[in-house]
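# Structural overview
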Amino acid sequence: MGFYVNVSVGESVNRFFSDTPLMGHEVLSLSGVENKSSVMAWRVNRILRPMGWVVDDDAEVEFVDTSTFEGMEIYRNTLTFIMTLACKRVLESDVAVKYSMSDSYYCELNDGEATEEQVALIRDEMRKMVDSAIPIQMATLPLDKARRIFERQGNGDRARLMQWTGADPLTLYRCAGTYGYFGSPLAANTNSVAAFGLDHYAPGFLLRFPSMARARTAEIPPLEINHKLMGVFNEYSRWLKVLGLSTMASLHERVANGKALDLILISETFHNMALSNIAAQVDERKSVRLICLAGPSSSGKTTTSKRLSIQLQVLGKNPVTIELDDYYVNRDQTPRDETGAYDFEALEALDVELINDHLGKLLSGAEVQLPKYDFVTGTRKQGKTLRLGSDDILIIEGIHGLNDAISRDVPREAKYKIFICPLTGVNLDSYNRIGTTDTRLLRRMVRDHRRRGYSPERTIAMWPSVIRGSHKHIFPYEEQADILFNTSLAYEISVLKGYAEPLLRAIPECSPAYGEATRMLSLLGFAPVIPSENIPNMSIIREFIGGSCFDD
């Protein structure tokens, strides 16, 4: 008895019949998909699967290549696995993936500072492995066996994490006799990720990837190191050390030992210290009249601006905040992206002329009628009137806050620019990160459902457009900032879990968002639960879960 496979290729669907089970590469060869070499995995009935997955019943399938966010995540995870294997082979050392920076991961050896010679050895071994096209196979193992394997391999943090979460059985991946765990499928073999770079950056090194725009040409973007960003990462590492955290397993241990309240209070104090430092820098620059605060969607701009305002008042300043979100054009005037969806991340989604007009008038002492945007109806209404005193400081916050088109008539010396984002957090284990985009998606999903009446499916559906917009319109201005503020909280995934899980579980299997919901639920499964009642009402996380003292 046979079955039908429907393959989505762009806007068309290719349908064929088979009376024998088929693996992903067999379906791919029949599908008519172009650029087959860039395919990393496939969705089978909306669930992301490795190419070795077998279908033996009617199925709706779609191939995932490196032009997509999921495809690039698989590419990065596969290269990370190869890098860890190469380190073991040539240095007998394990490696930790610390942070994501542009199109690279910053990594460190577990047993000391990496030298240029060691990095060259790792790079050469990785190249040999890639050229050898070593198969990467999925293995489903019971929990106890998986834990023993990781312990024998020296992956104690991974074994402890599996113990805390209790998932049984586990899906692992095996390459050259070594097992790894990742939150996504891996490519079929090592030759699928031929384009990479490995560069020494003391005390560690940078594993570099193609960007989505260059993945099919196998080009690695030029190496650009943001030293301000590295400074933020190093500061956050110090915070985690004070908190006694290294990976998600250590977070489980702290929560189980009754230390959740300490984690919350110390994390919030670190944020207060950072904002106090920013306020002090503003105070030192007597020419500053305008603070431009920007960051991608769900980075915590609103709460950060209001908490910064309080810190400035402590120093005797009189700050006034304007939210650029209130300057969105009416919904029927909102530009659309290449998919036809509303592009709320585009600069043209804002009334730039009105913003500049209001800034000019306010900084010259005139009174203006501010707008107020209604996100439910998609229309702009009249808000409050505002006039600044001669010594007042104006704060504008929004995703485009650092773009000089927003404040083109204000001299640079009169502006202080702040870029904010949850730039890093607690990793799952030594080489599995929780992506900052995932943190922002969880934040936005919870907030959009609570404040804007959006379903989680709607938030997930529009998220790829949000990410594209961030990389196009927001992150290019990051380096113009006078300072970067990391809005991550070490405990926040554990709090968001209680709000996001019910929303994600309510997404039906027939929904296009079901596969992404499944992935997010898998990620949340590794986090302990921390109740929200002890979170201060000034916390950035309150902007998303509710209960903020800054809510209108």
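Attention here is on the structure that accompanies the text. (Residues numbered from 1 in each chain as written. Predicted model: local features only at pLDDT ≥ 70, side-chain atom pairs only at ≥ 80, totals over all residues. Heavy atoms only, no water.)

Scanning the protein chain from terminus to terminus reveals 15 helices and 21 strands. Radius of gyration (C-alpha) of the protein chain: 24 Å, near the 24 Å computed for a compact globule of 552 residues. Here the C-alpha coordinates of the protein chain stretch approximately 75 × 55 × 45 Å along the principal axes. Taking all 552 residues of the protein chain together, the buried fraction comes to 55%. Nonlocal contacts in the protein chain, meaning residues at least 24 apart in sequence, comprise 72% of its contacts between residues at least 6 apart. (Helix = DSSP H or I, 4+ residues; strand = E, 2+ residues; numbered from the N terminus. Rg over C-alpha atoms; globule rule 2.2 N^0.38 Å. Buried < 20%, exposed > 50% of the residue type's maximum accessible area, 1.4 Å probe, protein only. Contact = heavy atoms within 4.5 Å.)

Phi is mostly negative for residues that are not glycine, and the peptide bonds are mostly trans. Of the consecutive residues Asp168 and Pro169, the connecting peptide bond is found in the cis state with omega at 0 degrees. Along the chain, Pro169 falls in the loop between helix 5 (156-165) and strand 11 (170-175). For the peptide bond that leads from Ala202 to Pro203, omega is 5 degrees, which places it in the cis range. Of note in the backbone geometry, Arg46 takes a positive phi value of approximately 75 degrees without being a glycine. With respect to the secondary-structure elements, Arg46 resides in the loop between strand 4 (39-44) and strand 5 (47-49). In this model, Glu92 sits at a positive phi of 50 degrees, which is unusual for a non-glycine residue.

In this section: a nonpolar patch on the surface. On the surface, Ile310, Val314, Leu315 and Met538 cluster together into a nonpolar patch covering about 320 Å² of accessible area. With respect to the helices, strands and loops of the structure, Met538 is situated in the loop between helix 14 (514-524) and helix 15 (542-545). (Patch = residues over 30% accessible without salt bridge, like charges linked within 9 Å, V, L, I, M, F, W, Y side chains within 5 Å. Areas by Shrake-Rupley, 256 points an atom, 1.4 Å probe, with all protein chains shown as cover. Salt bridge = Lys/Arg side-chain N within 4 Å of Asp/Glu carboxyl O.)

Put simply, side chains in a regular strand alternate between the two faces of the sheet. Counting buried positions along strand 14 (residues 204-208) gives 5 out of 5 residues, so the element sits mostly inside the fold. The pairing of strand 9 (residues 104-109) with strand 14 spans 4 bridges and is antiparallel. Looking at strand 14, one finds that Cys107 is bridged to Phe205. Bridge analysis of strand 13 (residues 197-201) against strand 14 gives 5 bridges, and the strand direction is antiparallel. For Tyr201, the partnering residue across the bridge sits in strand 14 and is Gly204. Between strand 13 and strand 14, which pair antiparallel one after the other, the connecting turn spans 2 residues. (Pairing = 2+ DSSP bridges.)

Before going further, it helps to spend a moment on the sheet that holds strand 9. Strand order in this open sheet of 4 strands is 8-9-14-13, and the pairing throughout is antiparallel. Bordering the open sheet on either side are strand 8 (95-101) and strand 13, each of which pairs with just one other strand. Averaged over all pairs of adjacent strands, the angle between strand axes in this sheet comes to 30 degrees, irrespective of strand direction. Its contacts with the sheet put helix 2 (residues 69-91) on strand 8, strand 9, strand 13 and strand 14, and the angle it makes with strand 14 is roughly 140 degrees. In the packing of helix 3 (residues 116-131) onto the sheet, contacts are made with strand 9, strand 13 and strand 14, and the angle to strand 13 comes to roughly 170 degrees. (Axes fitted to C-alpha atoms, helices over the stretch in contact; angles between N-to-C directions.)

This part covers helix 4 (residues 143-152). Of all the positions in helix 4, only Leu143, Ala146, Ile149 and Phe150 are classed as buried. End-on view of helix 4: buried residues confined to an arc of 125 degrees, all on one side of the axis. Those residues of helix 4 that are buried are in contact with strand 10 (137-141), helix 5, strand 11 and strand 12 (178-180). (Arc of directions from axis to C-beta.)

Membership of the largest hydrophobic core comes to 78 residues, with the highest contact counts inside it found for Ile291, Ile418 and Leu504. Element by element, the count of residues in this core is highest for helix 8 (residues 260-284), at 9 residues. When near neighbours in sequence (up to four residues on either side) are disregarded, Ile418 contacts Ile278, Ile291, Cys292, Leu293, Ala294, Leu308, Leu402, Ala481 and Ile483. Counting residues in hydrophobic clusters, the runner-up holds 45 residues, among them Val352, Leu362, Leu394 and Val410. (Core = buried A, V, L, I, M, F, W, Y, C linked by side-chain atoms within 4.5 Å.)

Our next topic: the pairing of strand 18 (residues 379-386). Here strand 17 (residues 368-374) pairs with strand 18 via 6 bridges, running antiparallel. Paired with Pro371 across the two strands is Gln382, which belongs to strand 18. Where strand 17 hands over to strand 18, the hairpin turn is made up of 4 residues, of which Gly378 adopts a positive phi near 70 degrees.

We now examine the pattern of salt bridges. Under the counting rule described, the total for this entry stands at 31 salt bridges. Measuring nitrogen to oxygen at the nearest pair gives 2.8 Å for the salt bridge that ties Asp438 to Arg519. With Asp438 in helix 11 (residues 436-452) and Arg519 in helix 14, this pair connects stretches of sequence that are 81 residues apart. Exposure class is identical for Asp438 and Arg519. Each is buried. Through salt bridges with shared partners, a single ionic network connects Glu73, Asp438, Glu516 and Arg519.

Right, let's get into the sheet that holds strand 10. A sheet is described by the order of its strands in space; here 3 strands give the open sequence 10-11-12, paired in antiparallel fashion. Sheet topology places strand 10 and strand 12 at the edges, where each strand pairs with a single neighbour. Averaged over all neighbouring strand pairs, the angle between strand axes comes to 40 degrees, with direction disregarded. Alignment of strand 10 against strand 11, held across 5 bridges, turns out to be antiparallel. Counted as the bridge partner of Ala139 is Leu172 from strand 11. On top of the sheet, helix 4 reaches strand 10, strand 11 and strand 12; it is set at about 40 degrees to strand 11, its chief contact.

Before going further, it helps to examine the environment of Ile418. The residue Ile418 is located in strand 20 (residues 415-421) in this model. With a relative accessible area of 1%, Ile418 lands in the buried category. C-alpha separation for the pair Ile418 and Leu363, spaced 55 residues apart in sequence, amounts to 19 Å.

Geometry only, nothing functional implied.
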